[in-house]
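Okay, here's what each chain looks like letter by letter:
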Amino acid sequence: MQIAMDAWFQSLMVQPPRICGLQIRPFSLIHEYTLRKLKSPYAVGGAPNVGDLLLALQICARDYRGIVRLMAGDFKPGKAILWAWWIKRRYGGFDTAQRSFLKYMANYSELPEHLELVEVNGQKVPSGVGESVRAPWEFHLVRTLCHSYRMNHEEAWNCPLSLAKCDFDCWSESNGDKTLVSEYQHGLIAEAAGRGAA
Amino acid sequence: MAILDSLGTSLLVGGQASLSGYIVERQEIDGGEVDQEDIMNANGSLATRLIYRRHPTTSLALICAVGAAPSTDFPFGSKAAANAGSYSSWFVQDVRTEKTKSASRVTVTLISLGIT
(Lines give C-alpha, C1' and ligand atoms only; values in the text may rest on other atoms or scores of the structure.)
Protein backbone atom coordinates (compact mmCIF):
# COMPACT_ATOMS: atom_id res chain seq x y z
CA MET A 1 0.00 0.00 0.00
CA GLN A 2 1.42 3.37 -1.09
CA ILE A 3 0.56 6.23 1.27
CA ALA A 4 1.66 9.81 0.72
CA MET A 5 3.56 10.67 3.92
CA ASP A 6 3.34 14.31 4.85
CA ALA A 7 4.68 15.71 8.11
CA TRP A 8 1.31 15.36 9.86
CA PHE A 9 0.77 11.72 8.97
CA GLN A 10 4.40 10.81 9.51
CA SER A 11 4.33 12.30 13.02
CA LEU A 12 1.72 9.67 13.92
CA MET A 13 3.15 6.72 12.05
CA VAL A 14 6.93 6.90 12.52
CA GLN A 15 8.45 4.17 14.66
CA PRO A 16 11.85 4.27 16.39
CA PRO A 17 14.44 1.73 15.19
CA ARG A 18 16.93 -0.50 16.98
CA ILE A 19 20.44 0.83 16.46
CA CYS A 20 23.43 -1.31 17.39
CA GLY A 21 21.14 -3.66 19.26
CA LEU A 22 19.75 -0.82 21.35
CA GLN A 23 16.03 -0.03 21.22
CA ILE A 24 15.82 3.70 20.67
CA ARG A 25 12.83 5.69 21.88
CA PRO A 26 10.86 8.13 19.71
CA PHE A 27 13.03 11.25 19.29
CA SER A 28 11.41 13.52 21.85
CA LEU A 29 11.65 17.05 23.18
CA ILE A 30 13.87 15.94 26.07
CA HIS A 31 16.24 14.22 23.60
CA GLU A 32 16.46 17.32 21.42
CA TYR A 33 16.95 19.67 24.35
CA THR A 34 19.54 17.47 26.09
CA LEU A 35 21.59 16.99 22.91
CA ARG A 36 21.45 20.73 22.29
CA LYS A 37 22.56 21.60 25.83
CA LEU A 38 25.42 19.08 25.53
CA LYS A 39 26.37 20.77 22.22
CA SER A 40 26.08 17.44 20.43
CA PRO A 41 26.91 17.79 16.71
CA TYR A 42 23.62 15.98 16.05
CA ALA A 43 21.76 18.97 17.49
CA VAL A 44 24.01 21.97 16.83
CA GLY A 45 25.84 20.84 13.68
CA GLY A 46 29.36 19.67 13.03
CA ALA A 47 31.04 16.34 12.40
CA PRO A 48 30.07 13.75 15.02
CA ASN A 49 32.69 11.32 16.30
CA VAL A 50 32.32 7.94 17.97
CA GLY A 51 31.87 9.45 21.42
CA ASP A 52 29.11 11.76 20.14
CA LEU A 53 27.26 8.81 18.66
CA LEU A 54 27.56 6.69 21.80
CA LEU A 55 26.30 9.50 24.00
CA ALA A 56 23.46 10.32 21.59
CA LEU A 57 22.39 6.67 21.51
CA GLN A 58 22.49 6.49 25.30
CA ILE A 59 20.33 9.60 25.54
CA CYS A 60 17.83 8.57 22.87
CA ALA A 61 17.38 5.12 24.41
CA ARG A 62 16.13 6.73 27.63
CA ASP A 63 13.02 8.65 28.64
CA TYR A 64 12.90 11.84 30.72
CA ARG A 65 13.63 10.11 34.04
CA GLY A 66 16.35 7.96 32.51
CA ILE A 67 18.07 11.03 31.11
CA VAL A 68 17.93 12.75 34.49
CA ARG A 69 19.70 9.70 35.96
CA LEU A 70 22.18 9.65 33.08
CA MET A 71 23.05 13.30 33.64
CA ALA A 72 23.48 12.54 37.34
CA GLY A 73 26.38 10.26 36.45
CA ASP A 74 24.93 6.94 35.36
CA PHE A 75 27.01 6.88 32.14
CA LYS A 76 30.12 4.73 32.73
CA PRO A 77 32.99 5.49 30.33
CA GLY A 78 34.43 1.98 30.79
CA LYS A 79 31.13 0.45 29.77
CA ALA A 80 31.00 2.78 26.76
CA ILE A 81 34.43 1.64 25.54
CA LEU A 82 33.31 -1.97 25.80
CA TRP A 83 30.13 -1.12 23.96
CA ALA A 84 32.08 0.68 21.23
CA TRP A 85 34.22 -2.42 20.74
CA TRP A 86 31.06 -4.58 20.58
CA ILE A 87 29.39 -2.29 18.03
CA LYS A 88 32.44 -2.41 15.78
CA ARG A 89 32.63 -6.19 15.98
CA ARG A 90 28.93 -6.98 15.76
CA TYR A 91 27.44 -4.18 13.63
CA GLY A 92 30.15 -3.38 11.10
CA GLY A 93 31.50 -0.12 12.43
CA PHE A 94 30.26 3.34 13.21
CA ASP A 95 29.41 4.55 9.73
CA THR A 96 26.45 2.20 9.53
CA ALA A 97 25.30 3.14 13.02
CA GLN A 98 25.78 6.83 12.22
CA ARG A 99 23.65 6.55 9.09
CA SER A 100 20.90 4.76 11.01
CA PHE A 101 20.95 7.41 13.73
CA LEU A 102 20.80 10.30 11.24
CA LYS A 103 17.88 8.65 9.46
CA TYR A 104 16.11 8.18 12.80
CA MET A 105 16.55 11.89 13.62
CA ALA A 106 15.41 12.95 10.15
CA ASN A 107 12.25 10.83 10.48
CA TYR A 108 11.33 12.69 13.66
CA SER A 109 12.32 16.10 12.27
CA GLU A 110 9.81 16.17 9.41
CA LEU A 111 7.80 19.19 10.52
CA PRO A 112 4.83 21.06 9.04
CA GLU A 113 5.83 23.84 6.64
CA HIS A 114 5.11 27.49 7.29
CA LEU A 115 5.03 30.48 4.99
CA GLU A 116 7.23 33.30 6.26
CA LEU A 117 6.68 36.82 4.96
CA VAL A 118 10.00 37.95 3.46
CA GLU A 119 9.17 40.96 1.27
CA VAL A 120 6.45 43.62 1.02
CA ASN A 121 6.36 45.91 -2.01
CA GLY A 122 10.02 45.33 -2.76
CA GLN A 123 11.15 45.93 0.83
CA LYS A 124 12.75 43.05 2.71
CA VAL A 125 11.00 42.08 5.95
CA PRO A 126 13.43 41.24 8.76
CA SER A 127 13.09 37.69 10.01
CA GLY A 128 11.37 37.47 13.38
CA VAL A 129 12.98 34.13 14.18
CA GLY A 130 14.54 34.18 17.62
CA GLU A 131 12.99 37.47 18.62
CA SER A 132 9.50 36.44 19.61
CA VAL A 133 10.40 34.07 22.43
CA ARG A 134 13.20 34.10 24.98
CA ALA A 135 12.62 30.83 26.81
CA PRO A 136 13.97 27.75 24.99
CA TRP A 137 11.46 26.77 22.32
CA GLU A 138 11.17 23.25 23.75
CA PHE A 139 9.71 24.75 26.93
CA HIS A 140 7.06 26.56 24.88
CA LEU A 141 6.05 23.28 23.24
CA VAL A 142 5.94 21.56 26.64
CA ARG A 143 3.81 24.35 28.05
CA THR A 144 1.34 24.04 25.17
CA LEU A 145 1.19 20.25 25.49
CA CYS A 146 0.54 20.55 29.23
CA HIS A 147 -2.04 23.33 29.04
CA SER A 148 -3.86 22.52 25.82
CA TYR A 149 -3.50 18.75 25.58
CA ARG A 150 -3.64 17.97 29.31
CA MET A 151 -0.33 16.07 29.33
CA ASN A 152 1.67 16.02 32.51
CA HIS A 153 5.14 17.53 32.50
CA GLU A 154 6.93 14.23 32.01
CA GLU A 155 4.61 13.08 29.20
CA ALA A 156 5.16 16.38 27.43
CA TRP A 157 8.96 16.10 27.56
CA ASN A 158 8.69 12.50 26.31
CA CYS A 159 6.41 13.53 23.42
CA PRO A 160 8.03 12.88 20.01
CA LEU A 161 9.41 16.11 18.52
CA SER A 162 7.42 15.93 15.27
CA LEU A 163 4.14 15.14 17.04
CA ALA A 164 4.72 17.93 19.58
CA LYS A 165 5.34 20.41 16.75
CA CYS A 166 2.23 19.26 14.84
CA ASP A 167 0.13 19.66 18.01
CA PHE A 168 1.69 23.07 18.65
CA ASP A 169 1.05 24.22 15.08
CA CYS A 170 -2.55 23.05 15.27
CA TRP A 171 -3.00 24.92 18.54
CA SER A 172 -1.36 28.03 16.99
CA GLU A 173 -3.71 27.89 14.01
CA SER A 174 -6.69 27.64 16.35
CA ASN A 175 -5.35 30.82 17.95
CA GLY A 176 -5.09 32.75 14.71
CA ASP A 177 -1.83 31.70 13.07
CA LYS A 178 -2.28 31.64 9.29
CA THR A 179 1.19 30.62 8.17
CA LEU A 180 0.76 26.84 7.81
CA VAL A 181 1.03 25.43 4.30
CA SER A 182 -2.20 23.55 3.48
CA GLU A 183 -2.49 20.24 1.64
CA TYR A 184 -3.91 22.12 -1.34
CA GLN A 185 -0.89 24.44 -1.37
CA HIS A 186 1.44 21.45 -1.08
CA GLY A 187 -0.18 20.06 -4.23
CA LEU A 188 0.42 23.34 -6.09
CA ILE A 189 4.01 23.51 -4.83
CA ALA A 190 4.61 20.00 -6.18
CA GLU A 191 3.05 21.04 -9.50
CA ALA A 192 5.28 24.14 -9.61
CA ALA A 193 8.35 22.03 -8.86
CA GLY A 194 7.34 19.64 -11.64
CA ARG A 195 6.95 22.54 -14.03
CA GLY A 196 10.45 23.71 -13.14
CA ALA A 197 11.87 20.28 -13.77
CA ALA A 198 10.11 19.87 -17.12
CA MET B 1 -12.49 34.49 -13.88
CA ALA B 2 -10.99 36.77 -16.45
CA ILE B 3 -7.64 37.15 -14.68
CA LEU B 4 -7.27 33.42 -14.19
CA ASP B 5 -8.02 32.86 -17.85
CA SER B 6 -5.64 35.51 -19.03
CA LEU B 7 -2.79 35.07 -16.55
CA GLY B 8 0.34 34.07 -18.35
CA THR B 9 -1.30 34.40 -21.73
CA SER B 10 -2.74 37.85 -22.22
CA LEU B 11 -2.36 39.51 -18.80
CA LEU B 12 1.07 41.01 -18.31
CA VAL B 13 2.32 43.07 -15.39
CA GLY B 14 5.33 45.30 -14.92
CA GLY B 15 7.25 45.71 -18.11
CA GLN B 16 5.38 42.96 -19.93
CA ALA B 17 6.97 40.20 -17.86
CA SER B 18 5.63 36.77 -18.63
CA LEU B 19 3.64 35.26 -15.78
CA SER B 20 3.85 31.69 -16.93
CA GLY B 21 6.22 30.95 -14.03
CA TYR B 22 3.33 31.01 -11.55
CA ILE B 23 0.47 28.76 -10.57
CA VAL B 24 -2.69 30.50 -9.40
CA GLU B 25 -3.71 29.35 -5.93
CA ARG B 26 -6.75 31.60 -5.58
CA GLN B 27 -8.26 34.87 -6.67
CA GLU B 28 -10.35 37.18 -4.53
CA ILE B 29 -12.35 40.04 -5.98
CA ASP B 30 -13.30 42.91 -3.75
CA GLY B 31 -14.63 46.45 -4.00
CA GLY B 32 -16.51 47.94 -6.92
CA GLU B 33 -19.63 48.26 -4.81
CA VAL B 34 -21.48 51.51 -4.24
CA ASP B 35 -21.29 52.85 -0.68
CA GLN B 36 -22.43 55.96 1.16
CA GLU B 37 -21.49 58.12 4.14
CA ASP B 38 -23.73 60.63 5.88
CA ILE B 39 -22.35 63.90 7.22
CA MET B 40 -24.49 65.54 9.88
CA ASN B 41 -24.67 69.19 10.82
CA ALA B 42 -24.45 70.56 14.37
CA ASN B 43 -28.15 69.87 14.95
CA GLY B 44 -27.69 66.19 14.08
CA SER B 45 -29.65 66.36 10.88
CA LEU B 46 -28.33 65.24 7.51
CA ALA B 47 -26.15 67.86 5.84
CA THR B 48 -24.51 65.90 3.05
CA ARG B 49 -24.73 62.34 1.79
CA LEU B 50 -21.65 61.11 -0.04
CA ILE B 51 -22.34 58.36 -2.50
CA TYR B 52 -19.32 56.74 -4.07
CA ARG B 53 -18.05 53.58 -5.69
CA ARG B 54 -15.11 51.77 -4.08
CA HIS B 55 -12.15 51.04 -6.30
CA PRO B 56 -12.36 47.43 -7.36
CA THR B 57 -9.43 45.30 -6.25
CA THR B 58 -8.46 41.77 -7.05
CA SER B 59 -6.02 39.75 -5.03
CA LEU B 60 -4.08 36.91 -6.62
CA ALA B 61 -2.22 34.30 -4.57
CA LEU B 62 0.41 32.68 -6.79
CA ILE B 63 2.77 29.79 -6.15
CA CYS B 64 6.12 30.53 -7.78
CA ALA B 65 7.61 27.97 -10.14
CA VAL B 66 11.37 27.64 -10.54
CA GLY B 67 12.82 30.80 -12.07
CA ALA B 68 9.99 33.11 -11.01
CA ALA B 69 11.09 36.49 -9.69
CA PRO B 70 8.11 38.07 -7.94
CA SER B 71 9.84 41.32 -6.96
CA THR B 72 10.76 42.08 -10.58
CA ASP B 73 7.68 40.54 -12.18
CA PHE B 74 5.32 42.62 -10.01
CA PRO B 75 6.92 46.00 -9.29
CA PHE B 76 4.91 48.04 -6.80
CA GLY B 77 2.82 50.65 -8.63
CA SER B 78 3.30 49.15 -12.07
CA LYS B 79 0.46 48.78 -14.50
CA ALA B 80 -1.05 45.56 -15.73
CA ALA B 81 -1.48 45.20 -19.44
CA ALA B 82 -3.97 42.86 -21.02
CA ASN B 83 -4.19 42.13 -24.69
CA ALA B 84 -7.75 41.10 -24.11
CA GLY B 85 -10.23 41.72 -21.33
CA SER B 86 -10.72 44.64 -19.01
CA TYR B 87 -7.60 44.54 -16.84
CA SER B 88 -5.47 46.93 -18.86
CA SER B 89 -5.98 49.78 -16.39
CA TRP B 90 -5.21 47.86 -13.21
CA PHE B 91 -2.24 48.77 -11.05
CA VAL B 92 -0.16 46.76 -8.60
CA GLN B 93 -1.21 48.05 -5.18
CA ASP B 94 0.47 45.52 -2.91
CA VAL B 95 2.93 42.65 -3.34
CA ARG B 96 3.75 40.23 -0.51
CA THR B 97 6.26 37.44 -0.94
CA GLU B 98 6.32 34.52 1.47
CA LYS B 99 8.76 31.65 1.59
CA THR B 100 8.68 28.16 2.91
CA LYS B 101 11.51 25.65 2.82
CA SER B 102 10.38 24.27 -0.53
CA ALA B 103 8.71 27.16 -2.35
CA SER B 104 7.78 30.82 -2.63
CA ARG B 105 4.32 32.31 -2.79
CA VAL B 106 3.39 35.82 -3.83
CA THR B 107 0.14 37.63 -3.15
CA VAL B 108 -0.47 40.47 -5.61
CA THR B 109 -3.28 42.96 -5.11
CA LEU B 110 -4.32 44.85 -8.23
CA ILE B 111 -6.51 47.93 -8.05
CA SER B 112 -8.56 49.61 -10.73
CA LEU B 113 -8.31 53.37 -10.33
CA GLY B 114 -10.46 54.09 -13.34
CA ILE B 115 -7.59 55.78 -15.15
CA THR B 116 -5.48 54.54 -17.99
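Structure first, text after, so check above.
Because the structure is a prediction, the values reported are computed rather than measured.

## Comments concerning the overall build of chain A
Move 1: Helix and strand counts for chain A stand at 11 helices and four strands.
Move 2: Evaluated residue by residue, chain A yields a buried proportion of 35% over its 198 residues.
Move 3: Expressed as a percentage of contacts within chain A between residues at least 6 apart in sequence, the contacts between residues at least 24 apart total 70%.

## Some words on the packing of helix α8 (residues 137-149) of chain A against helix α10 (residues 161-174) of chain A
All names here are of chain A.
Move 1: Across the interface, α8 lies against α10 with an axial gap of 10 Å and an inter-helix angle of 65 degrees. Relative to α10, the element α8 is oriented roughly perpendicular. As α8 runs across α10, the sense of the crossing is left-handed. On α10, the residues that touch Trp137, His140, Leu141, Thr144, Leu145, Ser148 and Tyr149 of α8 are Leu161, Ala164, Lys165, Asp167, Phe168, Cys170 and Trp171.
Move 2: In terms of residue class, the contact of α8 with α10 is made up of nine nonpolar, three polar and two charged.

## Details of the environment of Leu180(A)
All names here are of chain A.
Move 1: Examined against the element boundaries, Leu180 turns out to sit in the loop between α10 and α11 (183-197).
Move 2: Each C-alpha atom of the pair Leu180 and Cys170 lies 9.0 Å from the other, and the pair is 10 residues apart in sequence.
Move 3: Discounting chain neighbours no more than four positions away, the residues touching Leu180 are Trp8, Pro112, Glu113, His114, Asp169, Glu173 and Gln185.

## Overview of the packing of aromatic side chains
In this description, an aromatic ring pair is defined by two values, namely the gap between the centres and the angle between the planes.
All names here are of chain A.
Move 1: Under the definition given, this model contains nine aromatic pairs over all chains.
Move 2: Aromatic side chains Tyr33 and Trp157 sit 5.7 Å apart centroid to centroid with 35 degrees between the ring planes, which places their arrangement in the tilted category. Of this pair, Tyr33 sits in helix α2 (residues 29-37) while Trp157 sits in helix α9 (residues 153-157); the two residues are 124 residues apart in sequence, bridging distant segments of the chain. Each member of the pair, Tyr33 as well as Trp157, carries the same accessibility label: buried.
Move 3: Each residue in the set Phe27, Tyr42, Phe101, Tyr104 and Tyr108 is aromatic and connected to the rest through ring pairs, giving one cluster.

## Things to note about the sheet that holds strand β7 (residues 90-99) of chain B
Move 1: Read from one edge to the other, the open sheet built from six strands follows the order β4(A)-β3(A)-β7(B)-β8(B)-β5(B)-β2(B), with strand pairing classed as antiparallel. Unpaired on one side and paired on the other, β4 (123-124) of chain A together with β2 (22-30) of chain B mark the two borders of the sheet.
Move 2: In this sheet, strand β8 (residues 104-112) of chain B lies alongside β7(B) in antiparallel orientation, the contact comprising nine bridges. What sits directly across from Phe91(B), in β8(B), is Ile111(B).

## Concerning the interface of chain A and chain B
Move 1: At the junction of the two partners, chain A supplies 20 residues and chain B supplies 24 residues.
Move 2: Summed over both partners, the interface of chain A with chain B buries about 1900 Å², with 57% contributed by carbon and sulfur atoms.
Move 3: Among the residues chain A hides against chain B, the three largest losses belong to Leu115(A), Asn121(A) and Arg195(A). Together they make up 28% of the total.
Move 4: Close ionic contact of Lys101(B) with Glu110(A) constitutes a salt bridge, the shortest N to O distance being 4.0 Å.
Move 5: Mapped onto the side of chain A that touches chain B, the elements with two or more residues apiece are β3 (116-120) and α11 of chain A.

## Focus: the environment of Phe9(A)
Move 1: You can see Phe9(A) is positioned in helix α1 (residues 7-13).
Move 2: Between the C-alpha atom of Phe9(A) and that of Ala106(A), which follows or precedes it by 97 residues, the distance is 15 Å.

## Things to note about the pairing of β8(B)
Residue and element names in this part refer to chain B.
Move 1: Counting buried positions along β8 yields nine of nine residues, so the element is predominantly enclosed.
Move 2: Here β8 shows no split at all, with Ser104, Val106, Val108, Leu110 and Ser112 on one side and Arg105, Thr107, Thr109 and Ile111 on the other all buried.
Move 3: The sheet contact formed by strand β5 (residues 57-64) and β8 spans seven bridges and is antiparallel. Opposite Ile63, over in β8, you have Arg105 as the bridge partner.
Move 4: Hairpin connection from β7 to β8: four residues lie between these consecutive antiparallel strands.

## A short note on α8(A)
Residues lying three or four places apart along an α-helix face the same way, a consequence of the helix completing one turn every 3.6 residues.
All names here are of chain A.
Move 1: Under the 1.5 Å per step criterion, the end-to-end length of α8 is 17 Å for 13 residues, consistent within 8% with the ideal 18 Å.
Move 2: Where the residues of α8 are buried, they touch α2, α9 and α10.
Move 3: Backbone geometry just after α8 places Arg150 at a positive phi near 60 degrees.

## Quick word on helix α7 (residues 94-107) of chain A
All names here are of chain A.
Move 1: If you check α7, its first and last C-alpha atoms are 20 Å apart, about what 14 residues at 1.5 Å a residue would give, namely 20 Å.
Move 2: Looking only at α7, the buried set comprises Phe94, Ala97, Gln98, Phe101, Tyr104 and Met105. Projected down its long axis, α7 shows its buried positions confined to an angular sector of 125 degrees, all on one face. In α7, the exposed positions that point more than 90 degrees away from the buried face belong to Asp95, Arg99 and Lys103.

The rules behind the values
Residues numbered from 1 in each chain as written. Chains lettered and ligands numbered in written order. Predicted model: local features only at pLDDT ≥ 70, side-chain atom pairs only at ≥ 80, totals over all residues. Heavy atoms only, no water. Helix = DSSP H or I, 4+ residues; strand = E, 2+ residues; numbered from the N terminus. Buried < 20%, exposed > 50% of the residue type's maximum accessible area, 1.4 Å probe, protein only. Contact = heavy atoms within 4.5 Å. Axes fitted to C-alpha atoms, helices over the stretch in contact; angles between N-to-C directions. Parallel < 35°, antiparallel > 145°, perpendicular 65-115°, else oblique. Left-handed = near helix turned anticlockwise from the far one by under 90°. Nonpolar A, V, L, I, M, F, W, Y, C, P; charged D, E, K, R; others polar. Phe/Tyr/Trp six-rings, centres within 6.5 Å; stacked < 30°, edge-to-face > 60°. Pairing = 2+ DSSP bridges. Buried area = accessible area lost by both parts, 1.4 Å probe. Salt bridge = Lys/Arg side-chain N within 4 Å of Asp/Glu carboxyl O. Expected span 1.5 Å × (residues − 1). Arc of directions from axis to C-beta.

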